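Architecture and fold: a report
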Amino acid sequence: MSKNNDIVTKLLICDSANIKLPENAQKILSPAEHKRLAGIRHPGQARLFLLGRYLLRRWLAVHLAEDPGRIPIRIDSRGKPRLARPGWHFNISHSGSLLALAIGNAGPLGVDLEGRRLDPARILRLAHRYLSDTEQRWLAHSREPELDFIRLWTVKEAVLKAQGGGIANNLQRVQWQAGSHRALFDDQPYRLYQYTLDRAWLTLAVAGTDGPPPLLLRLPDLPFDLEIGGPQPNLTINP
């Protein structure tokens, strides 16, 4: 059980390029996680996976008062990683060397981090394929179509990651009005929290209409030590 009954959502973003994990970091992975890590061929992707699961397990261990290596994480029938017991939720996203991790007990949550820069032709192709007619018209009249596309895309992905049904064929079911702090997936509302970084955009979606805003944490705020070898990103809240 959690050490307290506080309702909380916490959000962390870090730059994996400037973090040195302990040599024994893999020891807290589950057998399934070890197998997945071994199957990742790209060194950068493998590093991000290990860092994400290490931070997740160490962080949850504090809230659940359990050994980090014994926390049961399973993959559900729709492919979403979940805790095997109810109560706490988590989600991870990464772009480039940046990694975002959200945990909380306020409801299902999803986080999407996007640092890519897309050319106008690709934006048009993606919009035509995945966005509704109304969204395409809004984007066509935008003064900043690249930024607005990324804002909209991260909203949709964050909501769908919280909902857990997958991205394919569901993007148009996420409804969002530009500037709103709410989105809908069918009739289910989600609270939105959006942040800018120097080279990325992040959206956090939490199920429900009411709840406290997320706590934004830095690596030094974590209740365990990490070797940090360089600067780390700071989130700027988007009004």
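Treat the numbers as computed from the prediction; the structure is a model and nothing was measured. (Residues numbered from 1 in each chain as written. Predicted model: local features only at pLDDT ≥ 70, side-chain atom pairs only at ≥ 80, totals over all residues. Heavy atoms only, no water.)

What follows covers the nonpolar core. Leu55, Trp59, Leu60, Ile103, Leu222 and Leu226 are the most contacted members of the largest nonpolar core, which totals 34 residues. Secondary structure elements with two or more residues in this core: strand 1 (9–15), helix 2 (43–64) and strand 6 (98–104). By residue number, the principal contributor to this core is helix 2, which donates 12 residues. Ignoring sequence-local partners within four residues, the contact set of Trp59 consists of Lys10, Leu11, Leu12, Leu101, Ile103, Leu217, Leu222, Pro223 and Phe224. (Core = buried A, V, L, I, M, F, W, Y, C linked by side-chain atoms within 4.5 Å. Buried < 20%, exposed > 50% of the residue type's maximum accessible area, 1.4 Å probe, protein only. Helix = DSSP H or I, 4+ residues; strand = E, 2+ residues; numbered from the N terminus. Contact = heavy atoms within 4.5 Å.)

A few words on the environment of Leu219. When you line up the elements, Leu219 lands in the loop between strand 12 (215–217) and strand 13 (227–228). Between the alpha carbons of Leu219 and Ala61 there is a distance of 16 Å; along the sequence they are 158 residues apart. Not counting chain neighbours up to four residues away, the residues in contact with Leu219 comprise Leu12, Cys14, Ile19, Leu226, Ile228 and Gln232.

With that out of the way, let us pick up the packing of aromatic side chains. Under the counting rule described, the total for this entry stands at four aromatic pairs. Measuring from centroid to centroid gives 6.4 Å for Tyr54 and Phe224, while their planes differ by 90°, and the two rings are edge-to-face. Of this pair, Tyr54 sits in helix 2 while Phe224 sits in the loop between strand 12 and strand 13, and the two are 170 residues apart along the sequence. Across this residue pair, the class does not change: Tyr54 and Phe224 are buried. When the ring of Trp138 is compared with that of Trp176, the centres are 6.3 Å apart and the planes differ by 90°; the resulting orientation is edge-to-face. (Phe/Tyr/Trp six-rings, centres within 6.5 Å; stacked < 30°, edge-to-face > 60°.)

Take unusual backbone geometry next. One non-glycine residue with positive phi stands out, namely Ala65, at about 55°. Mapped onto the fold, Ala65 is located in the loop between helix 2 and strand 3 (73–75). Note on Ala65: relative accessible area 55%, which makes it exposed. Phi angles above zero are rare outside glycine, and Asp186 is one such case at about 55°. Looking at the element boundaries, Asp186 is found in the loop between strand 9 (182–185) and strand 10 (188–196). Using a relative accessible area of 40% as the deciding quantity, one classes Asp186 as partly exposed.

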